Every structure is written in C-alpha cells, then in structure tokens.
Amino acid sequence: MAIKKQFLKSKPVCKVTFSLPAKEAKKVSVVGSFNNWNAKKAQLKKLKNGTFKGTVDLESGSSYEFKYVVDGVYVNDDAADAYAWNDYAGADNSVVNV
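Chemist: Outline unusual backbone geometry, supporting the account with residue identities and numerical values.
Modeler: The phi torsion of most residues other than glycine is negative, and most of the peptide bonds are trans. A positive phi angle, near 55 degrees, is found at N36, a position not held by glycine. Structurally, N36 is set in the loop between strand 3 (28–32) and strand 4 (45–46). Relative accessible area serves as the criterion here: at 63%, N36 is assigned to the exposed category. For W37, which is not glycine, the phi torsion reads 60 degrees and is therefore positive. Relative to the assigned elements, W37 resides in the loop between strand 3 and strand 4.

Quick look at the structure:
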C-alpha cells in the first residue's frame, strides 16, 4: 500500500495517488470524507502487475479519513498518516494529511 502526495504550486490542492496491491481483487475503490464514502466516485484502475491505482485531488491544509473497498470489504492503508476511531463503523479509519 502506498500514498503519494504531489502539492500544486498554482492552487491549494494536493494530488494524492492511492496504490493498493490486490492481484486477486476484481474491484477496488477508495472512499472517504472527501467523496462522501461513495465507492463509485473513486474507483481505482487495475494495472498489469495487479496493483490498483488512482489519484484524487484534495484541498491542502486538511485531514481526510478514508478506507479502501476491496470487492466489498473495507480495508485500512498501512501507509496512512494516522488512524481515527469511527463510532459509526466501530473501527479505525485511515487518515491522510495534506
């Protein structure tokens, strides 16, 4: 798992690339506070090596909770900047700080 951040000089935006190795998976999305936890808004593309990858533009200066949805199962990112407890889910969410 990996998170790559690219801050833009022209706008207060950070391009965050989410990568998740999941060779056996059919469908992977990244959901979070930045897209109302909607799996259809940030589907990741499967590369030939079996890694799913996608980029999301996030406003700089904020923190966002997120998880991956791998074939319907919610998964945290072990490369997250932090973790935050979520009472609704009864579990930790990954956090990315930009």
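Chemist: How would you explain the pattern of salt bridges if you had to name every residue and give the values?
Modeler: This structure, assessed with the given rule, holds two salt bridges. The partner of K5 in a salt bridge is D81, and the shortest N-O contact between them spans 2.7 Å. Here K5, found in strand 1 (residues 2–7), pairs with D81, found in the loop between strand 7 (73–75) and strand 8 (82–86); they are 76 residues apart in sequence, far enough to count as distant.

Chemist: I'd like a description of the sheet that holds strand 1, backed by residues and values.
Modeler: Reading across from one edge, 1-2-5-4 is the order of the four strands in this open sheet, with antiparallel pairing throughout. Looking at the sheet topology across the chains shown, the edges are occupied by strand 1 and strand 4. Summarising the sheet, strand 4 and strand 5 (residues 51–59) pair through two bridges and their orientation is antiparallel. Across the sheet, residue K45 finds its bridge partner in strand 5, namely K53.

Chemist: Go over the environment of W85 with me, naming the residues and quoting the values.
Modeler: For W85, the position within the fold is in strand 8. Classification of W85 by relative accessible area gives exposed; the value is 54%. Distance from W85 to E65, taken between C-alpha atoms, is 9.7 Å for residues 20 residues apart in sequence. Not counting residues up to four positions away in its chain, the partners in contact with W85 are G90, A91 and D92. In terms of polar contacts, W85 uses its side chain to reach the side chain of D87, at 2.7 Å.

The rules behind each value
- Residues numbered from 1 in each chain as written.
- Predicted model: local features only at pLDDT ≥ 70, side-chain atom pairs only at ≥ 80, totals over all residues.
- Heavy atoms only, no water.
- Helix = DSSP H or I, 4+ residues; strand = E, 2+ residues; numbered from the N terminus.
- Buried < 20%, exposed > 50% of the residue type's maximum accessible area, 1.4 Å probe, protein only.
- Salt bridge = Lys/Arg side-chain N within 4 Å of Asp/Glu carboxyl O.
- Pairing = 2+ DSSP bridges.
- Contact = heavy atoms within 4.5 Å.
- Polar contact = N/O pair within 3.5 Å; in protein donor to acceptor, adjacent residues only side chain to side chain.

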